[in-house]
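# Inside the fold
One letter stands for each residue in the lines below.
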Amino acid sequence: MIEAGVAIRDITPKGTVWMDGYGARDRPSEGVYAPLTARALALRTGETTAAIVVADILNLDRTQEALLRESICTATGLDPEAVILCATHTHCGARVADLMTPGDPDPAYLTHLWGAMRDAVAEALDRLQPAKLTFSRARSCMGINRRLPDGEGGVRFHPNPEGVIDRDLDTFWLTTPDGAPLASVTTYGCHPTSRSGYLLGPDYPGFLRAGIEREWGGTALFLTGCAGNIRPAFLDANGRFRSAEVAEVEAAGEAMAAEALAGRAGTVALDAPSLRVTLGTASLPIAEAPQRERLEALAAGDDPAAAKWARRILEKLAEGPLPERTLFTIQTLRLDARHAFVFLAGEVVTEIGLRIKQTYPYQAITPVAYSNGLVGYVPSRSIHPQGGYEVLGSYRFYYQPAPFTPDVEDVILAEVKRQMEFEC
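In short, a report on the structure.

Cut-offs used in this document
- Residues numbered from 1 in each chain as written.
- Predicted model: local features only at pLDDT ≥ 70, side-chain atom pairs only at ≥ 80, totals over all residues.
- Heavy atoms only, no water.
- Helix = DSSP H or I, 4+ residues; strand = E, 2+ residues; numbered from the N terminus.
- Buried < 20%, exposed > 50% of the residue type's maximum accessible area, 1.4 Å probe, protein only.
- Areas by Shrake-Rupley, 256 points an atom, 1.4 Å probe, with all protein chains shown as cover.
- Lys, Arg positive; Asp, Glu negative; His and termini not counted.
- Charge placed at Lys NZ, Arg CZ, Asp CG, Glu CD.
- Core = buried A, V, L, I, M, F, W, Y, C linked by side-chain atoms within 4.5 Å.
- 1 Å grid on protein atoms, 1.4 Å probe; cavity = no way out; pocket = protein on both sides within 12 Å on 5 of 7 lines; lining within 4 Å.
- Points joined across faces, edges and corners; volume = space filled by probe spheres on them.
- Contact = heavy atoms within 4.5 Å.
- Salt bridge = Lys/Arg side-chain N within 4 Å of Asp/Glu carboxyl O.
- Nonpolar A, V, L, I, M, F, W, Y, C, P; charged D, E, K, R; others polar.
- Phe/Tyr/Trp six-rings, centres within 6.5 Å; stacked < 30°, edge-to-face > 60°.
- Lys NZ or Arg CZ within 6 Å of the ring centre and 35° of its normal.
- Pairing = 2+ DSSP bridges.
- Axes fitted to C-alpha atoms, helices over the stretch in contact; angles between N-to-C directions.

Turning next to the overall build of the chain. In terms of regular secondary structure, the chain is built from nine helices and 20 strands. On the principal axes, the C-alpha backbone points of the chain span a range of 65 × 50 × 45 Å. Counting every position in the chain, which comprises 424 residues, the buried fraction comes to 60%. Summed over all atoms, the accessible surface of the chain reaches about 16,400 Å², with 51% contributed by carbon and sulfur. Side-chain charges of the chain comprise 41 positive and 53 negative groups, with the mean position of each set lying 1 Å from the other.

What follows is the structure in structure tokens.
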């Protein structure tokens, strides 16, 4: 028998704040189009407990991951490996992490956010009750690959209908023993970048949750899958990406909810759930960093973004040699012999998520990105030769000294394999 408990906290800023997600914003928020929340799900079988807490924010950084995990463990008595921290990755949330984007996080908001996430976990633990667990895997048409080959060996940041994409829409459904809806956890790999602008909101995950709660019941959670190179297919008359209206985002989220609910016709019962949660790190190799002279030239140059990045890297260089590897948190949560989550601390591209699934074809593996402390975009070996934003352009936003090498995919898969095959 599995026990489950769920809780929600409001994390909508009370006033204006700087927003996360886009480097072109030049002023704080101007309102709210839908509330932001933090949602926690606690699970227990026998002596093993795990808690997932997911917030409508862009991400946490590695320092925040460590501090928040410690705070939750102190408040609840959970072991560190039992705490799973996730972000929906909405690009219309408040500034939180240490990223190279405009504005600074509001300290008062961060205090509220950490408290809300901590308290949601504590309440979910207090509300543990016997539950039944089922799983469904539907398909969704949401999302499109955003890497279009340019015919010269590279790529453009442009919709690619023929590009690789994982359309699995996974949902775990929790009910009371008599069948009353308790909670659901839906995962899909598409960037929540439907909207830009200055209104705060949860993007399509918020409307997906609302649709499931209205039509089925319980408390709905959403986890974002490996969406590093996938975004919503809201296109203009010329076939280019555009910012969607709120009504369009709501319709897209509601359509995904309907797809997930239709998938309940093929649910599989987890008759003997048995939790096993593991926590580890992979050491991801990065390319050689620029020499000091190059960094100093960039820091004094006319490109404000490059200068800001170079100044931060020079500060790190003053403290000692720049790192050649980046620690990358990986967590697995086994629910029974066939069903498991794999939580990854980066903006992982869809090809890596698919490879994880293909490594365990006899199981229903659900990869989740944007977990714990994000370290940046994580490109697959297959897209490295093309370059592009995910490979060569994005690392600066995370103040990383150089891009990842093609070997990162194999390093991640090796740690996932170690955790998946580890027997307690």
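The rest of the description comes next.
The subject of this paragraph is the nonpolar core. Judged by nonpolar contacts, the single largest core of 60 residues is most densely connected at Ile11 and Tyr188. For this core, the leading source of residues is helix H2 (residues 107-126), giving nine residues. Ranked by size, the runner-up nonpolar core spans 35 residues in total, among them Ile286, Val349, Leu374 and Val416.

Evaluated as defined, the whole model comprises three cavities of 30 Å³ or more. In this structure, the largest cavity spans a volume of roughly 120 Å³. The wall of the largest cavity is formed by 13 residues, among which Asp166, Gly189, Gly225, Lys357 and Pro367 lie closest to the centre. Put simply, the parts of the chain that give the lining of the largest cavity at least two residues each are strand S9 (168-175), strand S10 (181-188), helix H7 (350-359) and strand S19 (364-368). At three residues, H7 tops the list of elements feeding residues into the lining of the largest cavity.

We now examine unusual backbone geometry. Even without being a glycine, Asp203 presents a positive backbone phi close to 60°. Following the sequence through the fold, Asp203 ends up in the loop between strand S11 (199-200) and helix H3 (204-215). Relative accessible area serves as the criterion here: at 0%, Asp203 is assigned to the buried category. Of note in the backbone geometry, Asn372 takes a positive phi value of approximately 55° without being a glycine. Structurally, the position occupied by Asn372 is in the loop between S19 and strand S20 (377-378).

Turning our attention to the side chain of Gln400. Within the secondary structure, Gln400 sits in the loop between helix H8 (389-393) and helix H9 (408-421). With residues up to four places along the chain from it excluded, the contact list for Gln400 reads Ile286, Trp309, Ile313, Thr326, Val375 and Tyr395.

The next subject is the pattern of salt bridges. For the coordinates displayed, the defined rule picks out 28 salt bridges. As a salt-bridge pair, Asp10 and Lys14 come within 3.5 Å of each other at their nearest N and O atoms. A relative accessible area of 77% places Lys14 in the exposed class. Among the ionic pairs, Arg242 bridges to Glu248, the shortest N-O distance being 2.7 Å. Residue Arg242 is classed as partly exposed on the basis of its relative accessible area, which comes to 28%. When salt bridges with common partners are traced through the structure, they connect Arg137, Arg139, Asp166, Asp168, Asp170 and Lys357 into a single cluster.

Estimated volume of the largest pocket: approximately 470 Å³. Residue lining of the largest pocket: 17 residues in total, with Arg62, Lys316, Thr326, Tyr398 and Tyr399 positioned closest to the centre. Those elements giving two or more residues to the lining of the largest pocket turn out to be helix H1 (62-76), helix H6 (304-319) and strand S16 (325-334). With three residues, the single largest contributor to the lining of the largest pocket is S16. Of the residues assigned to the lining of the largest pocket, the class counts are eight nonpolar, three polar and six charged. Put simply, the second largest pocket is a space of about 340 Å³. Taken together, 19 residues make up the lining of the second largest pocket; nearest its centre are Gly21, Tyr22, His91, Tyr377 and Tyr389.

This next bit is on the packing of aromatic side chains. Geometrically, a pair of aromatic rings is defined through the distance of the ring centres and the angle of the planes. Inspection of the entire model under this criterion finds 11 aromatic pairs. An angle of 50° between the planes, with centres 5.0 Å apart, marks the rings of Phe172 and Phe341 as tilted. One end of the pair, Phe172, is in strand S9; the other, Phe341, is in strand S17 (residues 339-344), with 169 residues separating them in the sequence. Grouping aromatic residues by their ring pairs yields a cluster made of Phe157, Phe241, Tyr377, Tyr389 and Phe397. Here Arg195 stacks its cationic end above the ring of Tyr33, 5.1 Å away from the centre of that ring. Geometry around Trp309 places Arg396 over its ring, the cationic atom sitting 4.3 Å from the centre.

On to the sheet that holds S19. A sheet is described by the order of its strands in space; here four strands give the open sequence S15-S16-S17-S19, paired in mixed fashion. Looking at the sheet topology across the chains shown, the edges are occupied by strand S15 (276-285) and S19. Between one strand axis and the next, the sheet turns through 20° on average, direction left out of account. Alignment of S17 against S19, held across five bridges, turns out to be parallel. The residue bridging Phe343 from the neighbouring strand is Val368, located in S19. Along the sheet face, H7 touches S17 and S19 and points at about 155° away from the line of S19.

With respect to the element layout, Thr63 can be found in helix H1. In this structure the C-alpha to C-alpha distance between Thr63 and Asn372, which are 309 residues apart in sequence, comes to 9.9 Å.

This paragraph deals with the pairing of strand S1 (residues 2-10). Alignment of S1 against strand S6 (residues 129-139), held across three bridges, turns out to be antiparallel. Of the residues in S6, the one forming a bridge with Ala4 is Gln129. Bridge count between S1 and strand S3 (residues 37-45): eight bridges; the pairing is antiparallel. By the bridge assignment for S3, Asp10 is matched with Thr37.

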